[in-house]
Amino acid sequence: MKPIRVVLAGAGNCASSFSQFVAQAQADPAATPPGLMCRSVGGYLLSDVRVVAAFDVDATKVGRSLSDAFATPVVSATAFVPLGADGDSPVLPAPVLDGLAGPLGGVVQPADAAQDARPEDVTKALIELEADVLVIMLPTGASRAIRMFADAALAAGIAVVNATPEELARDEALCRRFADAGVVILGDDLRSHLGATTLHTALLELLLSRGLVPSSTYQLNVGGNTDFLNLADPTRSASKFTSKANALRAAGMDDASIAAGPTGFIRHLADTKVCFLNITATSVLGSEVKIDVKLTVEDSPNAAGVIANAVRAARLATDRALSGAVNDACALLFKSPPRGLPEGEARAAFLGFVS
Ligand SMILES: NC(=O)c1ccc[n+]([C@@H]2O[C@H](COP(=O)([O-])OP(=O)(O)OC[C@H]3O[C@@H](n4cnc5c(N)ncnc54)[C@H](O)[C@@H]3O)[C@@H](O)[C@H]2O)c1
């Protein structure tokens, strides 16, 4: 197949793990590495992906290669494999806007080139790079910067994957603009490969399938990477709480009894994320069932597994002349798709779409 040329908006932890997953696939295209849910997405293999550039604002990353940017101390994603040829791809400056608002401003200094960058420079670069897909991996809550990237991709005619909880694929007006321009958008908010939301919705659906009635649930998440540092600021985390509730609602949970979101930054956890889940449900004769689960994962590789599907689905949708938000791809891969579905239906829709 033709290569899929991917540009990353945000050269942080998820970008590092995704680039490594691609490098691992490129090094041995015939292998099926652990965590690769779909070997083929409409004929596209993960080894068909090329990470051709990233945008960032961090003075320690801008102007450097991807390999060097991911080796800076602010990136806590584990370096499992070398990046290969894509490791030489450049990190380009982007407008800072609200990208470093809140606690991130205390650990990241903006590059001079980013202070001078304009949205039209992003559009121009995307066209010159002949990009197929832009993956937005900016800090949660950086609404202006995230919107700027969506607009820049739209102007360049390039498909968007929105890994953040910002409303893009759920924004009807924005999706109409993408549809009118013949451009695909997938989002919002990555559902991690085997993360808190995936486990939580699977447990809820199991209870419902046995006729139990879930009465309340909570999900507490702590971690030590910059995503968790950023989410420690309530003004940045609001969309994450909404997004997690959307996913639990789609699994059949009543809105009033959900509490789920990022609940603490613990620096020494670095890229380890710990999730505590509780579900209380009513069973036969009113008897009570309680489930308590602790899930520990490496946060960023968990995102890479889903991005690996999303970029290929975005390219496939473009090949099929689809445009706007494609719910058959979004419902499985994102916590807040335009129309949420129970996991089983979402998986069937996705597998039907990519077969
Ligand atoms: N880790 C997961 O499994 C997961 C799951 C779902 C969603 N997400 C979302 O993905 C996003 C990225 O997460 P991450 O862990 O990679 O975060 P991160 O903090 O490691 O990376 C964010 C990057 O964006 C850069 N940035 C800030 N402002 C910018 C701007 N204006 N232009 C370009 N770059 C800018 C930062 O310098 C940093 O390199 C977050 O919104 C997170 O909530 C992650």
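This one's a predicted model, so the numbers in the text were calculated from it and none came from an experiment. (Residues numbered from 1 in each chain as written. Predicted model: local features only at pLDDT ≥ 70, side-chain atom pairs only at ≥ 80, totals over all residues. Heavy atoms only, no water.)

*Asks:* It is not clear to me how the overall build of the chain should be interpreted in this structure. Could you clarify?
*Replies:* Counting its secondary structure elements, the chain contains 12 helices and 11 strands. By the compact-globule yardstick of 20 Å for 355 residues, the chain fits well, its C-alpha radius of gyration being 19 Å. Counting over 355 residues, the chain shows a buried share of 56%. Put simply, the chain shows about 14,000 Å² of open surface, and 56% of that area lies on carbon and sulfur atoms. (Helix = DSSP H or I, 4+ residues; strand = E, 2+ residues; numbered from the N terminus. Rg over C-alpha atoms; globule rule 2.2 N^0.38 Å. Buried < 20%, exposed > 50% of the residue type's maximum accessible area, 1.4 Å probe, protein only. Areas by Shrake-Rupley, 256 points an atom, 1.4 Å probe, with all protein chains shown as cover.)

*Asks:* Is there a simple way to explain the side chain of arginine 315 in this structure?
*Replies:* Mapped onto the secondary structure, arginine 315 falls in helix H10 (residues 299-319). In terms of polar contacts, arginine 315 uses its side chain to reach the side chain of tyrosine 44, at 3.3 Å. Leave out the neighbours within four places in its chain, and arginine 315 touches Lys2, Pro3, Ile4, Tyr44, Asp132 and Val133. (Polar contact = N/O pair within 3.5 Å; in protein donor to acceptor, adjacent residues only side chain to side chain. Contact = heavy atoms within 4.5 Å.)

*Asks:* In this structure, what is going on with the domain arrangement of the chain? I would like to understand it.
*Replies:* It is common to report an interface's size as the accessible area lost on association of the parts. Domain boundaries in the chain define domain 1 (4-191 + 301-354) and domain 2 (196-298). Taken over C-alpha atoms, the centre of domain 1 sits 25 Å from the centre of domain 2. Listed by partner, the interface residues are 31 residues for domain 1 and 23 residues for domain 2. A combined buried area of about 2,200 Å² lies between domain 1 and domain 2, and 49% of that area is made up of carbon and sulfur atoms. (Domains from an automatic or database assignment. Buried area = accessible area lost by both parts, 1.4 Å probe.)

*Asks:* I keep staring at the site of the ligand and nothing clicks. Help me out?
*Replies:* Taken together, 32 residues form the shell around the ligand, and within it Asn13, Asp56, Lys61, Leu138 and Thr226 come nearest. At 2.6 Å from an oxygen atom of the ligand is found a side-chain nitrogen or oxygen belonging to aspartate 56. Take proline 95: an N or O atom from its main chain is 2.9 Å from a nitrogen atom of the ligand. The set of elements that each furnish at least two residues to the shell around the ligand consists of helix H1 (13-27), strand E2 (49-56), helix H5 (143-156), helix H8 (226-231) and H10. Tallied by class, residues from the shell around the ligand come to 16 nonpolar, eight polar and eight charged. Each of domain 1 (4-191 + 301-354) and domain 2 (196-298) accounts for three or more of the residues forming the shell around the ligand. (Near = heavy atom within 4 Å. Nonpolar A, V, L, I, M, F, W, Y, C, P; charged D, E, K, R; others polar.)

*Asks:* Any chance you could explain the pattern of salt bridges here in plain terms?
*Replies:* Opposite charge on two side chains allows them to pair when their charged atoms are near. Per the counting criterion, the structure on display carries 13 salt bridges. Its salt-bridge partner being arginine 118, residue glutamate 120 comes within 3.6 Å of it at the nearest N-O pair. With a closest N to O distance of 3.3 Å, arginine 177 and aspartate 151 form a salt bridge. Placement of the pair is arginine 177 in helix H6 (residues 172-181) and aspartate 151 in helix H5, with a sequence separation of 26 residues. Residues participating in the shared-partner salt-bridge network are Arg118, Glu120 and Asp121. (Salt bridge = Lys/Arg side-chain N within 4 Å of Asp/Glu carboxyl O.)

*Asks:* Is there a simple way to explain H6 in this structure?
*Replies:* Each turn of an α-helix holds 3.6 residues, which means side chains three or four residues apart point in the same direction. Of the positions making up H6, those classed as buried are Leu174, Cys175 and Phe178. Burial along H6 is one-sided: seen end-on, the buried residues are contained in an arc of 100 degrees. Relative to its buried face, H6 has exposed residues pointing more than 90 degrees away, namely Glu172, Arg176 and Asp180. Buried-residue contacts for H6 involve H5, strand E5 (159-162), strand E6 (184-186) and strand E11 (324-325). A side-chain oxygen of the first residue of H6 lies 3.0 Å from the backbone nitrogen of alanine 173; this N-cap is aspartate 171. Backbone geometry just downstream of H6 places glycine 182 in the positive-phi region, at approximately 75 degrees. (Arc of directions from axis to C-beta.)

*Asks:* What is the right way to look at the UniProt feature "domain: Myo-inositol-1-phosphate synthase GAPDH-like" (unreviewed entry) in the chain in this model?
*Replies:* In the numbering used here, UniProt assigns the feature "domain: Myo-inositol-1-phosphate synthase GAPDH-like" (unreviewed entry) to residues 195-300. End C-alpha atoms of residues 195-300 are separated by 10 Å, and the span's content is 37% helix alongside 39% strand. (UniProt positions renumbered as here; feature names shortened; annotations may be inferred.)

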